[in-house]
Each structure stands twice: as structure tokens, then as C-alpha cells.
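Letter by letter, the chains look like this.
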Amino acid sequence: MRIDAENDGVSASRNHLVFAYYVTGHGFGHATRVVEVVRHLILAGHDVHVVTGAPDFVFTSAIESPRLFIRKVLLDCGAVQADALTVDRLASLEKYSETAVVPRAKILETEAEWLNSIKADLVVSDVVPVACRAAADAGIRSVCVTNFSWDFIYAEYVMAAGNHHRSIVWQIAEDYSHCEFLIRLPGYCPMPAFRDVIDVPLVVRRLYKSRKEVRKELGIGDDVKVVILNFGGQPAGWKLKEEYLPSGWLCLVCGGSDGQELPPNFMKLAKDVYTPDVMAASDCMLGKIGYGTVSEALAYKLPFVFVRRDYFNEEPFLRNMLEYYQGGVEMIRRDLLTGHWEPYLLRAISLKPCYEGGINGGEVAAHILQETAIGKNWASDKLSGARRLRDAIVLGYQLQRVPGRDISIPEWYANAESELGVRGGSPTFQISERSSLVKSFVEDFEILHGDPQGLSDTMTFLKSLAELDSFCDSGPEKRWMRERKAAAGLFNWKEDIFVTRAPGRLDVMGGIADYSGSLVLQMPIREACHVAIQRNHPSKHRLWKQVQARQHAKGQGPTPVLQIVSYGSELSNRGPTFDMDLSDFMDGDKPLSYEKAKRYFAQDPSQKWAAYVAGAILVLMTELDVRFEDSISMLVCSTVPEGKGVSSSASVEVASMSAIAAAHELTISPRDLALLCQKVENHIVGAPCGVMDQMASACGEADKLLAMVCQPAEVLGLVEIPEHIRFWGIDSGIRHSVGGADYGSVRVGAFMGRKMIKSVASSALSRLLPSANGLNSYPSGLSPDELQDEGVDLLKAEASLDYLCNLSPHRYDARYAKLLPESILGETFLENYVDHNDAVTVIDPKRNYGVTASARHPIYENFRVKAFKALLTSASSDEQLTSLGELLYQCHYSYGACGLGSDGTDRLVQLVQEKQHGKSSKHDDGTLYGAKITGGGSGGTVCVIGRNCLQSSQQILEIQQRYKGATGYLPYVFEGSSPGAGKFGYLRIRRRASTLEL
């Protein structure tokens, strides 16, 4: 329907409508599903103009009609892929900017003019953002048809590429907000920019030929097992080999390159082959997850062996839907590339996919589009685009639900939503459950060493171990998550298992100043990571099938192997398991270098998480000359939420290092263990963090603040939290990463500032000291006493400044603040100063780095932390709390000056201020006194200080609800504390013989 300012009538005819259908440039999957919707629109007698960059045959092979018009224009680029499995996040944002942002004004003008020229009745987008805005400019209604939107996909890329790209995401969401409603496809992601939603069945291309016809045309016998290889292009440098397939199998290759030589059991399909027919004639499919592959695999009940794509947020939701209907088997990338396919293919053909839902989504969507073009109004309100933007662009993505239909949310979505951390709120544990857990634990395990210390999360973890053994005996018919299936085959229950625990931490004061040598105050939180570990002789080690196949293929006997299972793997779209030969950590007769290890773990982003765990082994080999001759099995289970700035990575590192040390009878002090863990994160993971996170996790104690001077790790002691004071953490819902570009650039800026300060001090010193320039008299007639007044000793110290925080604020302001540039190009800095002397960051010559704010923050933060520590021990008073809160506020705004703030954390701090200065706080004793962003900044969690009273807890809950009301995201609230890894020690446990016999 065309919207006319002078006439609200409908200019469309039911018999003949004109649709403009925009298709994203990301892969063929979008184009193939558009084909099915377009086919039904044309069958209904309408004209469809498809705007696409896809080849014509994608459309013309399924639709032969004069009513189909193809216009070859590309208005977005999707995700830029280096190869079939690798997404380049920065390149994706840069390409989108080049394609759709820079020429935006011209695009809008051109598209609005074209839409009017074809007299379009409705604009449909899958899912090109600018098409919605162009339609609005042309006065034409628009509808989106999709299972994901680009604002959701790119949000993850911005975290890695830097907040200077954030405007791209906001612009995309604003464009979508002009869309009237969303026709949502199964397997959908959260799409907050759309307020109104209509769900339809799977959009699946129809079959033209039977299985028998296809096999006959291809010359394939009925007894041959066929796998279709469907990656939309193959990983770079990949050569297929005959031994990749089991005997009697044939592989049909889609998208093979020209001139590619294939083994005799591989067959290349024509580029324009009609894939659905071939899929239906196959026994299973091997490929990457996308809407087209998943929907058609489910529709044709074709088992799907999939390999994860890195950094594509659409995938977890499609994967959960695929696995919910028992149609998927995950293959790790290494086994794909090295040809260890057999165990996965055999597993796939044993599956019985059970999807029985509708597959006529194309027809249903076409009917909705036709009715919309005629004039039907599906929207529930008339809110403007700006109002929709305010309501819909949230700081955390929430499920968009049709009013009155919340009860029909599919289970596969609920699982994915929970696993991805979309749901907010704090976890609860019923006290009444503790006694039953203790009883169950005593019945299941014998404690040979250590004490669970009554920690409920430890009891829960031990109970989960016992259930794994039960799972082994319960038969394969029981539906468990894949990670628990893998864990069930991990341990030999007749041998000892070691269990360690390490908490996350709340950054009360200090934060990013740790790498500049600041005093920091850190509180270990209630949430923690548990690791269970067992070492066995290689001949007694339980191996997963794919590991057995790999060892068999090498023709070697039992060798030491590391197998790891990580619970909660879906939180970051990572693989749930990891395995490697421990010999891979050797380079000849020496341990592998850290740089080579970093590249080793970076090969497959879905398994890069294993660097946090397995990296501890290499660090022990390198730093302590430990050699590992036994196989190792590890189970990692963390309740420390990822991406919230509470050191989830440090807790995993510390728990893993502690477990490996305990199992191998290594005695390492908590402080030394933390320093070893920092090496894991700095050199193997590649994140430029300081050491405070690992120190807090290893050395902290419950309800106390760990006071530490990070030069590099001098623990001053533990500071008791006064009984009248309490700390909370409130998550903003904006994912934080110390590996993100902004954290790293601020760190580089701080080290640049230190180098410049040292250079200024050295120059001043050379002018003052005659020995520095060969003079026999003091310059300007200054006497030695007068030189001392000028601060020669201070200049000497500043010329050799090891840590920025050793420079006092007044000295910085008096001598250096005005001399530092606000920012500097990396190339210019390197020309003038050669290096910034930081071993864990690299200067990008083409990048501009902030210097003044980055250098000023740690200098003043160190002073603030010292004042905070002194105030904690002062007499209890309202002034004490007000002063403590003021220090938090100052720290928060200093983060913002460095470019490490975020809208969500600013909003939370503002809500705390409103509570602090509100009328109720003035009439009663104030309860909340201050708040600040924590850790590496750029999102994550806010630390709040207040009185330890019921009213404070009530105000925290009110802030939680107000934040949800403003953003749609219910924040996770951290409250409570727990012991660090050193205080917990380790448990050595063994399954009781009585339970093994059951």
C-alpha cells in the first residue's frame, strides 16, 4: 500500500500489485528463501522487482516469469568472510561503511526515486536496513522477512573493533525502526528494532525430483552412502582426500572451484545445481550452519554434520533448533580440515531427525505481504520511528514477543536465549536444597583431602559429577546437552578426581590502573569456576571416538592426550569440547613458544576458549620445567557470567592452574599461581590484562577486599569491609572484553604517556646536570643547592619511571600535563620514541591513540584508591560513606574521559545518583552513595557502594527494574562474596565403591 499525504486511500489492486524485494548481499541463503516467497507472489499475479547482488540463476532456475524483474544492486555487504568459515569482524564493519554509510545520502535519493518510478505498493527487505528508510522517504510501507537483523550481528563486531564503529549499529537499528512489522522465520535471533512480529513456518524450497531420479541422473547406486558437502565455498588451501570418507561413501561437492582436482569418491556438482533435490537424495550433509541449510535439512529430515562459523551471532539459535529436532552433529574444525570425518558421518546416519512442523512459510509470508500491500494494518500501534527506536534499541537484546502469545515461545528458542545470556536477573539458590545436596554428596563421594567449606555451588558441582556417572548407566535415550554427554565419558570413576574452585571478582577500586602499577581493591564474588581434573596413564585414559580415530589414523599407540569439556559453552557460541595431543606443546625437545601456542589456539575461534585452560599446561612447562607424561581430563564449570567485567577469564585460569597443580602435586603459592595465570592470558590468549584479576581470584577471601600494589603483584593485605558497608555489582547488559580494541588502545596510550614523561624528565635533567653535556659549570649559574631545589632527585626518578602510578598527581599537573598531546598517531609516536615498552600490546601505526586522558587516569586513580582504603578504616559516619561514594563517581567519569564508558553503565550510575539525591534519601538515612564502571570498561558491570541494610537492597532492586523499564534488559545483580582459590585449596575425591556397584 502506498501512503499518500493527501489521500489515505489504497492505490493498490488485489489483482495486480508491485513489490520491491531487497535481498542482503550475505550469501545465497537469503536469496534462496526469497525465491520461495517471490514465487508465490508471482503465482498470485503480482510483479516482483528483486534488488540483489546474487547471480540471476538463483532466481531464474526456480521462477520463469515475465513478472520477475532482477535489478543488480548491492546495498549492504553482510559479514565479510576471509574464507568459508572465517568472518573478519573489522573488515565487515569497514565494508558496510564503504557500501552503505558513506554513500548513504545518494542511496536514499536513488532508491526513493526508483521505488516511485516502478510504483511499488510495498517494500520487502531480507534484511537490507537502508531499504526500510528509503521506503519511508518514498512514502511506501515496508516489511522485513528474516530470522536475524544486522544490528544484532554487528553488535558483537563493534565490541572487538572498537566503539568508534558503534554508530553503524545504531544507524542500522534506526533504519529497521521504519519498518512496519517483521515476518519472523523459525530459528530467529533477538531483533529489538522491530516492535511488531508475525511468525511463519519454515521457508523451504520445494522439491522437483525424487531421490531415485536424482541418484539415477548422477549415476549413484541405491547402496551408496552419500554426503553432500555444502559450505558455499571451501576453506582456503583445503585439499580433499580419498581417505576422508568411510569405505563405500561418496561426497557430492557444492561450490567447488574451477580446475579443482577431486579424489574418485568425490563428485563436483554444477554451480547452478538445484541443491534441495540433491540434499533430499543424500544420506547426510556436511557444512556450515545458515538459515537455508538448517531449514532444508529439517524439512527433508537430512542429518546435518556442521562446523561452526566464528563470530556469527545467528548460528546459536539455528543450531539449537537443529539439535532440538535431533538433526545435528558438531564436527570440530581441525577434524574437518585434517579429514577425520568418519566418526561424525557414522554418528549422523544413526540420527532420526524429528521435525514435523510446517514448511510452507513462503506461501504464508506471500499472503501476509499481499494483504499488507492491499491495505491491511498488522501493526499494534502507530509509534513513530524515533519512539520505536527509543523503545526497541536496548542495551541488552530481549526476545520480541507477539502480544498475548508469550506462552507459545518455542523450547528451542528458550534454550538458546538462556544459553546466550539474553535473560537477565541473578541466579537464586534455595537454602532448603543445601541439606539434601550435602547428604547426596556424602553418599556419592568420599573426600580424601580438603573441605567443601559448606559452599552450595561446590555441593551442586559435586552432585553434577555424580549425575554424570548415572548418565553413563542410563542409556543413550536420555536427552542431555552435548557437553554433558561428552563429560559423561571423561572420567574413570574408580580413580581419584581433584576439584578446585576460583571466584570472579568485583573491581571496587583500581580497575585499568593495574597495568600502570596502581594500588587496587578487589572483592571476590559469590560466583565461581569449578574444575574437576583427573590424570591417567595413556593406556587407561577414556578417549572420545574422534580422538580414538585420530590416534588410529596416525598408527600410534596410546599417547598422552588432553580432553576438556566446558559447561555453558553456548554463552559465547563456542565448542563444548576440546582435545589435543600433549606432544603438540613440544617443539622438538623444548616447549612450544607462547607465540606459536597463541596461533595454535587461534586457528579455530570456536575453540579458542581452550587457551584459558590448556594454556596453563604450557606455562607450567615453560616457567617451571614441568613435564606431563599422563593423559589429562578436565571438566570446567563456571557460574561467573562472561562479558560482564567480573573476571570470568581469570576465574577459569586460576581454577584450571590450581587443578593441574593439585593433580600433579605441585606446590605453588597463590601469588605465584596468579602471576603464572597472567602469562596465560597475556601471552597465549593474547589479552593485555594486568594481574589484579588473577590475584583477586587466587588470593582473595570472603567479605574482604584484597589490597594489592600492581608492581607487579605486591599484596598489602586484606581490608575488612566494615559491617555497615556493602558492595553490589549491577550488570549493564553490554558485553565487555579486555581483548576489545578500546581497552587495548587506552593501555597503549598510557604507556605512550609514560614514555613521553620519561623523555621530558630526561631532557630536563640533561639541561640541569653539567655532566650530561660536558659543561664545567652549572647552567644559568645555579648552585648545587639550587639544583636540589629544582628537584633533581625527582627528575631522576621520573626519567626512569617504571610505573605511571609512581608519579604523584600534583607533580603530573605541575610539570607534565600540559606537555602531553591529547592524542597521537601511532606512526608519529614510533618515529619519535621508537617503542612504548609494553610487552603485551602492539602499536598500530595507522591508529590514533589518546594520550592525555589515558595517562592521567592511572595517576589520579592510584591516589583515589589510597584515599578509599584509608576512609574504609575511619569512623563510621554519613560523611565517610559520602566520601567513599564520591571517589567511585570520580573514577567512573575518568573512565569515560578515556573512552571506556558506555551508555548502559552511565545510565546505571545515573540511577544510583537519583536514589542518593532523591527526596526519600534526604528524609531517611541515605542508603546508596556511589557507583562506578569496573574492570576494563566499555560496558560490563557497575560497582555500587551503600549501607548494609534492607533499604539499600530494596533500592538496588528498584534500580534493576527501572533499568529494565528503560532498556528492556533486566540486569544481573552480583551480591555476596566467597573465598579465593588459595583459601579453598583443593578436594581430592573418589566415587564410593557402593555407588559404583549400583
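Residues numbered from 1 in each chain as written. Predicted model: local features only at pLDDT ≥ 70, side-chain atom pairs only at ≥ 80, totals over all residues. Heavy atoms only, no water.

Enquirer: Please clarify how helix H11 (residues 315-324) should be interpreted in this entry.
Expert: Helical periodicity: at 3.6 residues per turn, an α-helix aligns residues three or four positions apart in one direction. Burial of H11 is extensive: 9 of the 10 residues sit out of reach of the surface. For H11, the full list of buried residues reads Glu315, Pro316, Phe317, Leu318, Arg319, Asn320, Met321, Leu322 and Glu323. Positive phi shows up at Gln326, right after H11, with a value of about 55 degrees. (Buried < 20%, exposed > 50% of the residue type's maximum accessible area, 1.4 Å probe, protein only. Helix = DSSP H or I, 4+ residues; strand = E, 2+ residues; numbered from the N terminus.)

Enquirer: Quick question: what am I supposed to make of the pairing of strand E17 (residues 497-509) here?
Expert: Sheet faces and side chains relate simply in a regular strand, where the side chains alternate between the two faces. With 13 of 13 residues buried, E17 lies mostly within the body of the structure. Two elements, E17 and strand E32 (residues 987-991), share 3 bridges in a ladder whose sense is antiparallel. Paired with Val499 across the two strands is Leu987, which belongs to E32. In terms of strand pairing, E17 meets strand E18 (residues 519-536) through 10 bridges, oriented antiparallel. (Pairing = 2+ DSSP bridges.)

Enquirer: How should I be thinking about the pattern of salt bridges in this particular structure?
Expert: Side chains that differ in charge, positive against negative, can pair when their charged atoms come close. A full pass over the atoms with the stated rule returns 45 salt bridges. Between Asp175 and Arg104 there is a salt bridge, and its shortest N-O distance comes to 2.8 Å. Of this pair, Asp175 sits in helix H7 (residues 166-176) while Arg104 sits in helix H4 (residues 104-117); the two residues are 71 residues apart in sequence, bridging distant segments of the chain. Arg211 serves as the salt-bridge partner of Asp283, at 3.2 Å between the closest nitrogen and oxygen. Taken together, the residues span a long stretch of sequence, with Asp283 in the loop between helix H9 (275-280) and strand E13 (284-288) and Arg211 in helix H8 (residues 211-218) at a distance of 72 residues. Here Asp283 falls in the buried class, since its relative accessible area comes to 17%. (Salt bridge = Lys/Arg side-chain N within 4 Å of Asp/Glu carboxyl O.)

Enquirer: What is the right way to look at the packing of aromatic side chains in this model?
Expert: Aromatic rings considered in pairs are described by the distance between their centres and by the relative angle of their planes. Overall, the coordinates contain 22 aromatic pairs when judged by the stated rule. With 5.0 Å between their ring centres and 90 degrees between their planes, Phe148 and Trp150 make a pair best called edge-to-face. Both residues of the pair, Phe148 and Trp150, belong to the buried class. Plain terms: the ring middles of Phe585 and Phe601 are 6.2 Å apart, the flat faces sit at 50 degrees to each other, and that makes the pair tilted. With Phe585 in the loop between strand E20 (577-581) and strand E21 (586-587) and Phe601 in helix H21 (residues 594-602), the pair connects residues that are 16 residues apart, well separated along the chain. Judged on exposure class, the residue Phe585 and its partner Phe601 are both buried. The ring of Tyr291 has Arg33 sitting right over it, with the charged end atom 4.8 Å from the ring centre. One cation-aromatic arrangement involves Arg205 over Tyr274; the distance from NZ or CZ to the ring centre is 5.5 Å. (Phe/Tyr/Trp six-rings, centres within 6.5 Å; stacked < 30°, edge-to-face > 60°. Lys NZ or Arg CZ within 6 Å of the ring centre and 35° of its normal.)

Enquirer: What is the right way to read the side chain of Arg991 from this model?
Expert: Its location among the elements puts Arg991 in strand E32. A residue is classified by how much of its surface remains accessible, and Arg991, at 7% relative accessible area, is buried. A polar contact is formed between the side chain of Arg991 and the backbone oxygen of Ala466, at a distance of 3.2 Å. (Polar contact = N/O pair within 3.5 Å; in protein donor to acceptor, adjacent residues only side chain to side chain.)

Enquirer: Help me understand the environment of Val842 in this model?
Expert: Its place among the elements puts Val842 in the loop between helix H31 (826-833) and strand E28 (848-850). A residue is classified by how much of its surface remains accessible, and Val842, at 73% relative accessible area, is exposed. Counting along the chain gives 97 residues from Val842 to Ser745, while the straight-line C-alpha distance between them is 9.3 Å. Excluding anything up to four places from it in sequence, Val842 contacts Val748 and Tyr849. (Contact = heavy atoms within 4.5 Å.)

Any functional reading would require information that these geometric values do not contain.
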